[in-house]
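If you want the building blocks of each chain, they are given just below.
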Amino acid sequence: MLEQLLIFTRGGLILWSCKELGNALKGSPIDTLIRSCLLEERSGAASYNYDAPGASYSLKWTFHNDLGLVFVAVYQRILHLLYVDDLLAAVKREFSQVYDPTRTVYRDFDEIFKQLKIEAEARAEDLKKSNPVVVGGNRKQQATWQGDGSEGKKNGGGLKGEGGLKNDGGDGKKGNNNNNNNNKLENGRVNGSNLKSNGGNVSVNGKENDSSNNGAFDVNRLQKLRTKSANGKKATDNVVSKAEPKKAVKKNRVWDEKPPETKLDFTDHVDVDGGEDKDRKVDFLAKEQGESMMDKDEILSSDSEDEEDEDDDDAEKNSKPDAKKKGWFSSMFQSIAGKANLEKSDLEPALKALKDRLMTKNVAEEIAEKLCESVAASLEGKKLASFTRISSTVQAAMEEALVRILTPRRSIDILRDVHAAKEQRKPYVVVFVGVNGVGKSTNLAKVAYWLLQHNVKVMMAACDTFRSGAVEQLRTHARRLQIPIFEKGYEKDPAVVAKEAIQEASRNGSDVVLVDTAGRMQDNEPLMRALSKLIYLNNPDLVLFVGEALVGNDAVDQLSKFNQKLADLSTSPTPRLIDGILLTKFDTIDDKVGAALSMVYISGAPVMFVGCGQSYTDLKKLNVKSIVKTLLK
Amino acid sequence: MQQELEQWKEQISHLLNVANDYLREVPPNQLYAAAAIVVFTTLLLLSLRFLKRTKSNTIVLTGLSGSGKTVIFYQLRDGSTHQGTVTSMEPNEDTFILHGETTKKGKIKPVHIVDVPGHSRLRPKLDEYLPQAAGIVFVVDALDFLPNCRAASEYLYDLLTKGSVVRKKIPLLILCNKTDKVTAHTKEFIRRQLEKEIDKLRASRSAVSDADVTNEFTLGEPGEPFSFTQCSNTVTTADASGLTGEISQLEEFIREHVKP
């Protein structure tokens, strides 16, 4: 059973909620959804699971970006409601017609919703009975109707209206019939352009995806039966695009919207990419010579305006060729008039370019992908303002998303925490964890130096009892900084050593204990278990993950595995996860700052420090603005 | 190049001559009148610009997520909370005549009110609205205050040390929301707690300031415990209850800084 269906603005005002359902939700699933999913740039996902004491909900949502509306459906997770996607799409379609920004009460929508719900449930019932092929057909119908509602020019408006919704079988055929008429003409071309956008297709957001997938597949079958003349053409094309027939045909839904693009365009597109790439490389070079390094950017108190301007120019230059090649007249007309509503297909080229750009900056592929999905979800259906290009709109949206991700969610003011711990008369414990050779000990020493500068009594604990020489290395640092070190030699259980170190610290009045641990690969189960034990036993105030900025795709693996292992192997019911990130070797990567983004995105933890050199003073804070700027350059 | 320049010069001098001749033909009275009109209109435009800039009518609602900003926004605008709110993802922004004043006669200047989401990821948005603000309302959840005290005071500290706030001395109101509940803390208590927390923050933040770039100004006077009276801008406190619509003190604050 559906628990609740809400319609609210992005500003947060609930416009309509289903009173008839009216079940009081346990906990606050909606707020949690917004905070931990939609605002974390994870809105590209298909559903969200919410657990509260006594309830476990699944939430599905869809946006109407142009009107700034969000539709959320909540249902019990144990029930796999098949009609929720359907229902959401229908509600979205109907509600956008009655929506008026000045109105805040929509009583009359109750009736419409009742109707929609009955229909959706009926469809779901049918769906259970009939075989999967028809399932596809039904769903497809849904998808095309949605198209009708918004565009009103497809299919000649033949099967619009409520009547069609009810008797599924007959109309389904009709719908496909109509579709076929279009398809006949454009079969060859559709497949051609599909091939082109294979890559982009992945970035479609999950929800409508499967439904239209199935539908498209079904249409294909019907076509084979019905339009034999077209088949010949299609078959040849299919050979080319056989690799992903499902995904390829999914594009059907969009072709109508596009200006006639033939196969010629396909080659053109490649050209575009090539040109862009070159352009970008040139850009790189220019920057490598002219731009100062990250560190300098950070020292400067605020970014100067003209630099930003330069940046904009850069962006424009970057996006210019791809706007030009598309046919300058149409693009110019578009930019002046402002496009009606952005479609996924419009966004794809710009998003792909952006994704590539992020990946050249060493952002993990998975992350770049997810980000692009989320940006697409937030832009789709939006009106393009006049005198703007799609690429610049996408870029602005991405910039906003990046700033949002990198802005720390929790306070990164460690000194404040240290003072708070001091008041409670217990030492503030920081555990440094990470894989081998990322610079845990070195940066531990840097942090110690930084704390010393601010009149905090620091103590080190050498809990790397695994690698030979680790204790001596730490001892050298301690001697140079003239701070006490707690060591118990090798072959001891690090958890016990840390425990004793903390006891010692509270005895001698140290404010902070910095615990050095052995480096470990994220897949090394025994060592991870030991780490989990150390953290569980000592309950540190801060678990600092030390990661090197050089890492690319592995950043995701490292952090997610560390977090997962800490959670899985912990014996306590509320496992401690990674609280913060220390990014090392930041001076070696020039503009490839993507690791910072990958790590923050995957863990949700903020970057607390950045190590950017060999001496004790080379510890900085992350400058979000400059990182975002570098990422989008 | 030289030749081109010469040509240009010639042309310019020619044009000047023509203009001169034309001017001589026009009676001087008309000339003076024209000049006067030009001067007058520019002055008028400039003064209008200036007036507009000084008399901003923007009030910014800020505070932690879940403190009730959106509810207050709709209370101010419509006098009702409608069907409740969820966490905001985007700022709410509107220019309107306060709902409590719609019955009043005479011309009332509408107020531009912005409700900035409190989620920490969305805080950078605040910077867009601060420069034009005539007043800032910092909404605090008086019911659930102590667990959020540190986060709230950190946010408030950041707010009070923002360059645009300090330089323009934008007045700030700490609005203790949800006071309709019995267990809500009093505004005096909240004020004291916030001052205490900020005092501690001052110590730790000033230590970081060489590395941290966001805080350009320091708060209060060194050596003394911090109190809001030391701020360059005025900081006041008030009670409100968004759910029941008890927001008269807030309306007073708004009208104090956005003259009707």
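Just so it is clear, the model here is predicted, and its values are computed rather than measured.

Caption draft 1: Representation of the overall build of chain B within the structure. The helix and strand inventory of chain B stands at eight helices and six strands. For chain B, the succession of helices and strands along the chain, N to C, is α-α-β-α-β-β-α-β-α-α-β-α-β-α. Taken across its 260 residues, chain B has 36% of its residues classed as buried. Of the contacts made within chain B by residues no fewer than 6 positions apart, 75% connect residues no fewer than 24 positions apart.

Caption draft 2: Representation of the overall build of chain A. Of regular secondary structure, chain A possesses 25 helices and 13 strands. Counting the 633 residues in chain A, one finds 44% classified as buried. Of the contacts made within chain A by residues no fewer than 6 positions apart, 78% connect residues no fewer than 24 positions apart.

Caption draft 3: Spatial organisation of the environment of E472(A). Residue and element names in this part refer to chain A. Examined against the element boundaries, E472 turns out to sit in helix 20 (residues 470–481). Assessed through the 11 C-beta atoms surrounding it within 10 Å, E472 is described here as exposed. Distance in space between the C-alpha atoms of E472 and E487 is 9.6 Å, their sequence separation being 15 residues.

Caption draft 4: Spotlight on the interface of chain B and chain A. Opposite the 31 residues of chain B that make contact, chain A presents 30 residues. Mapped by element, the contributors of at least two residues to the side of chain B that touches chain A are helix 3 (69–78) and helix 7 (187–208) of chain B. The dominant element in the side of chain B that touches chain A, judged by the number of residues it contributes, is helix 7 of chain B, at seven residues. Of the residues belonging to the side of chain B that touches chain A, the class tally is 12 nonpolar, 11 polar and eight charged.

Caption draft 5: Expanded view of the pairing of strand 10 (residues 542–548) of chain A. All names here are of chain A. Within strand 10, six of the seven residues are buried, which leaves it mostly tucked inside the rest of the structure. In terms of strand pairing, strand 6 (residues 428–433) meets strand 10 through four bridges, oriented parallel. Residue V430 lies in a different strand from strand 10, and its bridge partner there is L542. Relative to strand 11 (residues 580–584), strand 10 runs parallel, the two sharing five bridges. Across the sheet, L544 pairs through a bridge with G580, a residue of strand 11. In the classification by handedness, the crossover that spans strand 10, the intervening helix 23 (residues 554–568) and the parallel strand 11 is right-handed.

Caption draft 6: Structural view of the nonpolar core. Core analysis: the biggest nonpolar cluster contains 199 residues, and M460(A), A461(A), L514(A), V515(A) and A596(A) have the highest contact counts within it. If we ignore the near neighbours within four places in the chain, the residues touching L514(A) are V430(A), L444(A), V447(A), A448(A), V458(A), M460(A) and A461(A).

Caption draft 7: Quick look at the sheet that holds strand 1 (residues 58–63) of chain B. Residue and element names in this part refer to chain B. Pairing within the open sheet is mixed, and its six strands lie in the order 2-3-1-4-5-6. A single partner strand is all that each edge strand has here, and the edge strands are strand 2 (92–96) and strand 6 (235–239). Here the average twist between neighbouring strands, direction ignored, is 20°. The strands that helix 5 (residues 145–160) touches are strand 1 and strand 4 (133–141); relative to strand 4, the one it contacts most, it runs at about 165°. Together, strand 1, strand 3 (111–115), strand 4, strand 5 (172–177) and strand 6 form the strand contacts of helix 8 (residues 248–257), whose direction differs from that of strand 4 by roughly 160°.

Caption draft 8: The sheet that holds strand 10 of chain A, seen in detail. Residues and elements named next belong to chain A. The strand order 8-7-9-6-10-11-12-13 describes an open sheet built from eight strands, whose pairing is mixed. The open sheet has two edge strands with one neighbour each: strand 8 (485–486) and strand 13 (619–620). Together, strand 6, strand 7 (458–463), strand 8 and strand 9 (512–517) form the strand contacts of helix 21 (residues 494–508), whose direction differs from that of strand 7 by roughly 160°. Lying over the sheet, helix 24 (residues 594–603) contacts strand 10, strand 11 and strand 12 (607–611), oriented at roughly 165° with respect to strand 11.

Caption draft 9: Representation of unusual backbone geometry in the model. All names here are of chain A. Phi at R425 is positive, roughly 60°, even though this residue is not glycine. Inspection of the secondary structure assignment puts R425 in the loop between helix 18 (414–423) and strand 6. Residue class for R425 comes out exposed when judged on the 8 C-beta atoms lying within 10 Å of it. A positive phi is found at N455, a non-glycine position, where the angle reads about 60°.

Caption draft 10: Broad picture of the packing of helix 19 (residues 440–453) of chain A against helix 20 of chain A. Residues and elements named next belong to chain A. For the pair helix 19 and helix 20, the least separation of the axes is 10 Å and the interaxial angle reads 20°. Considering the angle they form, helix 19 stands roughly parallel to helix 20. At the point where helix 19 passes helix 20, the crossing takes the right-handed sense. Note on element contacts: helix 20 touches helix 19 through A470, Q473, L474, H477 and L481, opposite S441, A445, A448, Y449 and L452. Looking at the contact of helix 19 with helix 20 residue by residue, the classes come out as seven nonpolar, three polar and no charged.

Caption draft 11: Main features of helix 22 (residues 525–538) of chain A. Residue and element names in this part refer to chain A. Taking 1.5 Å per residue as the helical rise, helix 22 with its 14 residues ought to reach 20 Å, and the 20 Å between its terminal C-alpha atoms agrees with that figure. Within helix 22 the residues assigned to the buried category are M528, A530, L531, S532, L534, I535 and N538. Looking at the buried positions of helix 22, the neighbouring elements they touch are strand 6, strand 7, helix 21, strand 9, strand 10 and helix 23. Positioned one or two residues after helix 22, N539 has a phi angle of 40°, which is positive.

Caption draft 12: Region of the structure containing the UniProt feature "domain: SRP54-type proteins GTP-binding" (unreviewed entry) in chain A. UniProt's entry tags residues 606–619 of chain A with the feature "domain: SRP54-type proteins GTP-binding" (unreviewed entry), counted in the numbering of this structure. Note that residues 606–619 of chain A is 0% helix and 43% strand, and that its end C-alpha atoms are spaced 15 Å apart.

Caption draft 13: Geometry of the pairing of strand 11 of chain A. Residue and element names in this part refer to chain A. Burial runs high along strand 11: four of the five residues are buried. Relative to strand 12, strand 11 runs parallel, the two sharing three bridges. Residue I581 lies in a different strand from strand 12, and its bridge partner there is V607. Since strand 11 and strand 12 lie parallel, the crossover through helix 24 that links them has a hand, and here it is right-handed.

Caption draft 14: Quick peek at helix 19 of chain A. All names here are of chain A. Here helix 19 is 14 residues long and its end C-alpha atoms lie 20 Å apart, about the 20 Å a rise of 1.5 Å per residue gives. For helix 19, a buried count of 10 out of 14 residues is recorded, marking the element as mostly surrounded by other parts of the structure. Buried within helix 19 are the following residues: K440, S441, N443, L444, A445, K446, V447, A448, W450 and L451. In the stretch just after helix 19, N455 is the one whose phi turns positive, near 60°.

Caption draft 15: Focus on the confidence of the model for chain B. Residue and element names in this part refer to chain B. Per-residue confidence for chain B gives a mean pLDDT of 84; residues scoring 70 or more make up 93%. pLDDT under 50 marks residues 209–213. Its contacts with residues more than four places away, or in other chains, come to seven contacts. Across the predicted assembly, pTM comes out at 0.66 and ipTM at 0.75.

Caption draft 16: Quick peek at the confidence of the model for chain A. Residues and elements named next belong to chain A. Overall, the predicted model of chain A reaches an average pLDDT of 73, with 66% of residues at or above 70. Within the model, pLDDT remains below 50 along residues 133–252, and this stretch shows 153 contacts once partners closer than five positions in the same chain are excluded. Considering only residues more than four positions removed or in separate chains, one finds that residues 260–324, a stretch of pLDDT under 50, has 61 contacts.

Caption draft 17: Representation of the environment of Y75(A) in the model. All names here are of chain A. Among the secondary structure elements, Y75 is positioned in strand 5 (residues 69–76). You can call Y75 buried: it has 20 C-beta atoms within 10 Å. On a C-alpha basis, the gap between Y75 and N49 in space is 9.9 Å, while along the polypeptide they are 26 residues apart. Discounting residues that sit within four places of it in the chain, Y75 has contacts with M1, L2, E3, Y57, S58, L81 and V84.

Caption draft 18: Representation of the packing of helix 16 (residues 365–379) of chain A against helix 17 (residues 390–406) of chain A. Residues and elements named next belong to chain A. It is at 10 Å that the axes of helix 16 and helix 17 come closest, and there the two elements cross at 115°. Remark: the crossing between helix 16 and helix 17 carries right-handed chirality. Across the interface between the two elements, L371, S374, V375, S378 and L379 of helix 16 pack against T393, V394, A397, M398 and A401 of helix 17. Residue composition of the contact of helix 16 with helix 17, grouped by class: seven nonpolar, three polar and no charged.

Caption draft 19: Molecular detail of the environment of K168(B). Residues and elements named next belong to chain B. Checked against the element boundaries, K168 lands in helix 6 (residues 163–168). Given 17 C-beta atoms within a 10 Å radius, K168 is considered partly exposed. Taking the C-alpha atoms as reference points, K168 and S232, 64 residues apart in sequence, are found 9.3 Å from one another.

What counts, and where the lines are drawn
- Residues numbered from 1 in each chain as written.
- Chains lettered and ligands numbered in written order.
- Predicted model: local features only at pLDDT ≥ 70, side-chain atom pairs only at ≥ 80, totals over all residues.
- Helix = DSSP H or I, 4+ residues; strand = E, 2+ residues; numbered from the N terminus.
- Buried ≥ 20, exposed ≤ 12 C-beta atoms within 10 Å, placed from the backbone.
- Contact = placed C-beta atoms within 7 Å.
- Nonpolar A, V, L, I, M, F, W, Y, C, P; charged D, E, K, R; others polar.
- Pairing = 2+ DSSP bridges.
- Right-handed = clockwise from strand over helix to strand, strands pointing away.
- Core = buried A, V, L, I, M, F, W, Y, C linked by C-beta atoms within 7 Å.
- Axes fitted to C-alpha atoms, helices over the stretch in contact; angles between N-to-C directions.
- Parallel < 35°, antiparallel > 145°, perpendicular 65-115°, else oblique.
- Left-handed = near helix turned anticlockwise from the far one by under 90°.
- Expected span 1.5 Å × (residues − 1).
- UniProt positions renumbered as here; feature names shortened; annotations may be inferred.
- pLDDT = per-residue confidence, 0-100.

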